[in-house]
Every structure is written in structure tokens, then in C-alpha cells.
Protein chains: 2
Amino acid sequence: MAESHRSGRNVALTAPERSAGSRHTRRTTLATIAASAGVSVATVSKVVNGRADVAAGTRAVVEELLRRHEYVPPSVRRAAGASTTVELLISGPFGVYSTQVIEGVVQAGAETGTSIVVGSLDDHRQPGFAPQGWARRLVGAGRAGVIVVTGALTGGHVTALALAGVPLVVIDPLNMPGAEVTSVGSTNFAGGMSATRHLLDLGHERIAYVGGPPSSGCNQARLHGYRAALENSGITSRPEYVANEDFAYDVGRRAGGRMLDLAARPTAIVGGCDTIAIGIMEAARVRGLRIPEDVSVTGFDDTELSTMTSPPLSVIRQPLREMGRVALKSVLQLAAGDALDSHHVELATELVVRGSTAPPPDL
Amino acid sequence: MAESHRSGRNVALTAPERSAGSRHTRRTTLATIAASAGVSVATVSKVVNGRADVAAGTRAVVEELLRRHEYVPPSVRRAAGASTTVELLISGPFGVYSTQVIEGVVQAGAETGTSIVVGSLDDHRQPGFAPQGWARRLVGAGRAGVIVVTGALTGGHVTALALAGVPLVVIDPLNMPGAEVTSVGSTNFAGGMSATRHLLDLGHERIAYVGGPPSSGCNQARLHGYRAALENSGITSRPEYVANEDFAYDVGRRAGGRMLDLAARPTAIVGGCDTIAIGIMEAARVRGLRIPEDVSVTGFDDTELSTMTSPPLSVIRQPLREMGRVALKSVLQLAAGDALDSHHVELATELVVRGSTAPPPDL
DNA sequence: CTGAAAGCGCTTACAG
DNA sequence: CTGAAAGCGCTTACAG
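Definitions and cut-offs
Residues numbered from 1 in each chain as written. Chains lettered and ligands numbered in written order. Predicted model: local features only at pLDDT ≥ 70, side-chain atom pairs only at ≥ 80, totals over all residues. Heavy atoms only, no water. Contact = heavy atoms within 4.5 Å. Buried area = accessible area lost by both parts, 1.4 Å probe. Salt bridge = Lys/Arg side-chain N within 4 Å of Asp/Glu carboxyl O. Polar contact = N/O pair within 3.5 Å; in protein donor to acceptor, adjacent residues only side chain to side chain. Helix = DSSP H or I, 4+ residues; strand = E, 2+ residues; numbered from the N terminus. Nonpolar A, V, L, I, M, F, W, Y, C, P; charged D, E, K, R; others polar. Disulfide = S-S within 2.5 Å. Near = heavy atom within 4 Å. Axes fitted to C-alpha atoms, helices over the stretch in contact; angles between N-to-C directions. Parallel < 35°, antiparallel > 145°, perpendicular 65-115°, else oblique. Left-handed = near helix turned anticlockwise from the far one by under 90°.

If you check an unreviewed UniProt entry, chain A appears there as LacI family DNA-binding transcriptional regulator from Pseudonocardia aurantiaca.

In C-alpha cells:
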């Protein structure tokens, strides 16, 4: 007992004892924390269990120590294997996009011995989604971290999670998060640019863009990439050639259709994602326009869909599986208390030319 | 202590005390089991931890009691919420099919407070996939049950899981499992039949079928549904009009293409799944055949893909989300020790007519 | 608000 | 093989 008191004291203001000694680093116990903080085990127990009868000052000190020593309550500790669990939250309906991200996260999970619990962000939007309760549930369930796909979390949720000490990584965030949120994306700007560049190289000049939500960070980047490419070629983009609504098939069909009905109709359209592009293809087909002879179309993502269209879709490939893998490794790193090289990482996009793009008609 | 001994004894040969008394049913502890078995807590602890130094007879008695009282070791017990966790294993690459199943399972999980851990069956096929170790891992990780999607588990895995007491439900099993495996599917025979019926009703007589693995139960049912519909109309199916290879786009393209190159080419093709159907559409397009004017094509599944093709695909809808929901509820029921009405359930398929089917040419 | 003390559920080294 | 005993990590009712 005296022994543990002493070692506790030594450690109080330095990093936890990890490094030295046996590989088997004993788990931090309440006793260690109590000794470091100079309070009783009972008090530490109360802090851990969120009891009210603890002085604010005491609580703060103990909480800090719990964090520093990475205390894990036994209810959260797993059996023998003690496998780590990360929660992966998908926003919106599950589809071709999310399935690839899930696959990447699950793959990386298998490699690192991490269990991936998949959930829907929308479900949580229901009753029990108040920030604090949400964070508490995740902690209570022993999640080592959380990955959110394409979601728009409120600041409240982000801070609740941070306070609870649960690391968060967002994939392709809809709202461009600040430095306090770690995120993984792809080079959307470069992607938008190279799709457009590809069409310019084919000889197109009347190039339109149909994209997702105007507020979405990744869509903005793609749109501006499109604009930059046009400007580089000395072409000013016409407002009627640009639509930003949603990442959906129907948007491609309607907005794309509108543009194809224009007197000066575009000879090529950059789709903000694969589903939009496919909607555009359908709009063209309905109007008796052939792809790629009359109109060229590009997608963005390279989901399962893009090889199955007629003709197969030329796309900007987003490495969705790899993004999932990087996201998992990042939460794991954060959970281990390691610093990340950067709070935001972008993986490279890549142009994949298939059958939906060709030189413009009458060239 | 005497108290707990006594109540333990009372319970020994009857069902656990669940029913009576407070809603809050105290967890079974080693002490209860020890009292029931008439051995010490230490001995029970050894059995739970798989120590070797316990007589076989003693071990058997204690194990039986542990099972009867549904003892859950604290390392497995979750915090407050004590949320149940079910493992969902996907075989093969994640795609439009699995994403809908996952969504259904996750939805039902959210409703029942169950966490869904998603994994790949193929990963587990690697090193550590020996039946016993596999089952032990799942038990150790505290999984209440396992759902396998479209996988072909070996008998060894099924029995290892059964011995470990972890319930298993298979969705759309590739190998038709016996009564010892619970499974969820859809009315594939009826589906194959109504797709074919639909084409017959439109006036087609030269109808082909391109499907998945010959050994796959669901494919067999679909194929035989196709045959039954033809026979009902007094048409004998020609062997060159039938191909069973795999549920893949390329199969549709190649096998479908082969049939479309036939001197007496079919005027309609039933696809064994959506991706096959889309492959067939592409094969037609490449040959300058229009859909549905020259060839009609049907899909099977009603995945995200089917509304996005040009023209949109007429399909047999499989209620994949609902199948996922039913699977989850079934494992949960099994985990609770309740009996299922049937070890195999099939949900209804449904014909959804879209744009890829029409009367045959020259009619 | 704090902590000594009693207690719980579990494990393990060791005597028999 | 078995279990009494010591011990661990945690919680909680209660005295101060």
C-alpha cells in the first residue's frame, strides 16, 4: 500500500509510467489516482461515477489525473483480448458511398484488432441525441473513439465528446470543421480541377457543374476547382452552368436536364458525385442526347456505380476505403494519446477516364 | 452470506429467479452458482476461467448451472446501459446489396439498444479463423449473437458457435443450411417465377436466365422459379438460355452477351441479381440492341442501382432492410433463450416494373 | 464535501 | 482436485 502510494506520488506531475518497467504495464487503478491527487479512493470513485457531492476543485484535479493516466473503468475494460471498439456513424441513408468507407474502416479494424460498431447518425438525432447524453452513452459503452461520415455535427456534440475524452474523426465533413476537429478528406479542389481540365483538354468550352449542398465543404472545393480550371483556360463560367443542391440522383436529373434544355447547352457537365452524374446521364438520354457523342459527363467518387453505367462513367476517384482506413488509424492514435501530424489530411484524388467523356460534337 | 446460500439452494434445480420479485433482477454471481452446485466460489471461478485443475464432473455441473443462470462475467458485462452487441459478418466485398442489409440490422439495433459490430467474413478466413478460436473470440468479446450475410460457413464453425452458446442467424445463405442453422431469406422461387411471368405476360417466349453460383440456394430457387413459370406456359427452357456463374456484373456482360449473339437470341433475360442485369444491359448496348425495345431485362434485389440505370430496371424487389431487421430480432430472441417460430423465414419478394421491360419486338 | 469502514464480486497462491 | 484465506479494485451508506 505504502509502495503504491509512493509510486503514485512520483508520477503525479509527470507523464504516466508507461514507458519504464514491464511490457505488461498494469492498468491504472483508482488507488493510483487517489494517491496522486492526495484524496481518498472513495472520492475518486465518486468523480468517475459523476456523483454530485464532490467539490468542483477536487473534481477538476481528479479528472485531469484520470485523463493523464488514461484510467479505464472496469465496466469498460474488455475481457482477455480487451479489444478496442470504435463507433462509426453514418449520416443519411446507407449507400454506395458509405459502404466503401465502412469497408475501409472495417478492414483496418480487422488489422488492428479493433471492433467497429456501425450506427446511423440520424437515429441519434432522435430523442436521446442531446450532446451530453450522447457523449455519456459513448463513454459508457466503452468506445475508444468515434468516426463520423459526411455528417454535420453541432459544436455542442463536438465539445461534449472532447470533454468526455473520446477522440473524434470526421470523414469528408459537410461543415468545414476548425482545428479542434480531426478530419479526413480527399483533394476535392484538385479533383474538381482535373475533371474540368480533362474536359477542356478534349476540346470542350461550354462546361457546366452540378454539385451538392452549397454549404458542404467538399462540394465547395470541387466547385472552385472547376472554376479555377476554367479560369486557367481563360473561360468565364456562366451562372446558368452552375447548380449546387444535393448529392442526389434527382438533382442530376433535374438540374442537368435544365442545363441541357438551355439554348446554348453545355457540351460537358461535371457531376459533383457519381449519383449526380448518373442522373445527368439519364436527363441526357431522356432528351435523346447520346453520351459521350453529344454530351460528356464526369462523376466524382468512383463508387460501384461508375463501372456499371452505359457507357461507364469517367470519374474523379476518391479513395474512400483508404479514407476509412486513415480515419480509423487516426482515432486509434488519438485514443492512445499520441499527437497527429495534422488535424486534417487529404488523400489524393485521381482521374479515371472511361466511356462517358469524348471531344465535343462538331469539332 | 447464509441468506445467499439459501436462496441459491432453492434455485438449484428450477429456472433462474428472473420472473419473481423486483424488475431489477440482480445479476447472477459466482456465489449463486457456487451455492447451487454445492462447491466453493473459487472452484466456480476456475471453471469460468477455463483453468485445468477442476474435475470433469464438477466442471460439467458448474457449466450447466452457469448456462442455466445465464452468468455473464464482469469483463463482458457492459457499463450502465449494458448494451447488447451483435456481430454482423459480411462475406465478399461490401456493395449495394450488403449496405442495405447492414442498414436494416443497424436500424433494428438502434431500436433495441443493440450495438452492431460489422466485420468481414473474409478477413476471418485468414490465420485466426479456425472454428474454435473464432468462437472463443466472439464469446470473449461478449457478442450476444452473430449474423452472417450470404456466407458459406463450414459445419465446424456452426457447431463451434453452437457449443459456445452463441446464437447464429444467416441471411440468404449460400449453402442451404439444415435445421440447426437459423436463416432469413426471401421468396426466391416466387420471385424468379414472377419475373418470368411478367415477361411472359408481355408476350415474350424466348426468355433466358443468367444467375449466380449453381450451388447457391437462393440462385437455385430463382432459377427453378423461372423454369416453373415457363413450364406453366408450356414453354421448354433451352439449355443455351441458362447460365449460372456468379452474382457479378461481368457475368451478366459475358453470359448475357453470349446469349444475345445466339442465332435465335432471347427477347428477354431474367437477371439473377441487379448487377448481373446491368451487365446484361451493357452487353445489349454494346451490340446496338435497345432496351426494352429489342431486349427486355429484369433484375433481382432492387438495390440502389436499379433506379439509376437507363432505362431504370424492372426488378424483383428483395426486402433487404427488412431481412436485416428480422435477422437481428431473431438472434436477439435466441440470445434471450426464446424459441423461434421457425428456423427459416422467407420474406415476400415483389415485382417492381420500371423501364427495362416491354413487349418483344415484331409482335 | 470528504473519507474510514464495510462490503461485493472476483481471483489466486497455497495447504491439504 | 478443492476450498479457506488473503487480496484487489471498486462502491456506497454514513459519520463528521
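Further notes follow.
Caption draft 1: Main features of the interface of chain A and chain B. Across the contact, 40 residues belong to chain A and 39 residues belong to chain B. Across the chain A to chain B interface the summed buried area is about 3,200 Å²; carbon plus sulfur atoms make up 55%. The interface formed by chain A and chain B holds zero salt bridges in total. Scanning the region where chain A abuts chain B turns up 12 residue pairs in polar contact (both at pLDDT 80 or more). Elements represented by at least two residues in the side of chain A that touches chain B include exactly α5 (96-112), β2 (114-120) and α12 (274-286) of chain A. Top contributing element to the side of chain A that touches chain B by residue count: α5 of chain A, with eight residues. Across the side of chain A that touches chain B, the residue classes break down as 18 nonpolar, 14 polar and eight charged.

Caption draft 2: Local environment of the state of the cysteines. Counted under the stated rule, the structure contains zero disulfides over all chains. Among the cysteines around C218 of chain B, which has no disulfide bond, C273 of chain B carries the closest sulfur, lying 9.2 Å off.

Caption draft 3: Summary view of the protein's contact with DNA strand D. Close to DNA strand D lie 20 residues, the nearest being L30, S45, R51 and Y71 of chain A together with K46 of chain B. Among the atoms of DNA strand D close to the protein, meaning within 4 Å, 69% are from sugar or phosphate groups. Contact distances for DNA strand D include 2.6 Å between a phosphate oxygen and a side-chain N or O atom of R51 of chain A. T58 of chain B has a polar side-chain atom sitting 2.7 Å from a phosphate oxygen of DNA strand D. Grouping the constituent residues of the surface near DNA strand D by class yields nine nonpolar, six polar and five charged.

Caption draft 4: Representation of the packing of helix α5 (residues 96-112) of chain B against helix α13 (residues 320-335) of chain B within the structure. All names here are of chain B. Closest axis-to-axis distance for the α5/α13 pair is 7 Å, and the angle between their directions is 45°. Classified by the angle their axes make, α5 and α13 are oblique. Every pair of crossing elements has a handedness; the one defined by α5 and α13 is right-handed. Residues Y97, Q100, V101, E103, G104, V105, Q107, A108, G109, E111 and T112 of α5 form the contact with α13, whose own contacting residues are L320, R321, G324, R325, L328 and L332.

Caption draft 5: Seen up close, the protein's contact with DNA strand C. Inspection of the region around DNA strand C gives 20 residues, with K46 and T58 of chain A together with L30, S45 and R51 of chain B positioned closest. Counting only atoms of DNA strand C within 4 Å of the protein, the fraction found in sugar and phosphate groups is 69%. Within the side chain of T58 of chain A, a nitrogen or oxygen atom sits 2.6 Å from a phosphate oxygen of DNA strand C. Contributing elements (two or more residues each) for the surface near DNA strand C: α3 (41-48) of chain A together with α3 (41-48) of chain B. Taken together, the residues of the surface near DNA strand C break down into nine nonpolar, six polar and five charged.

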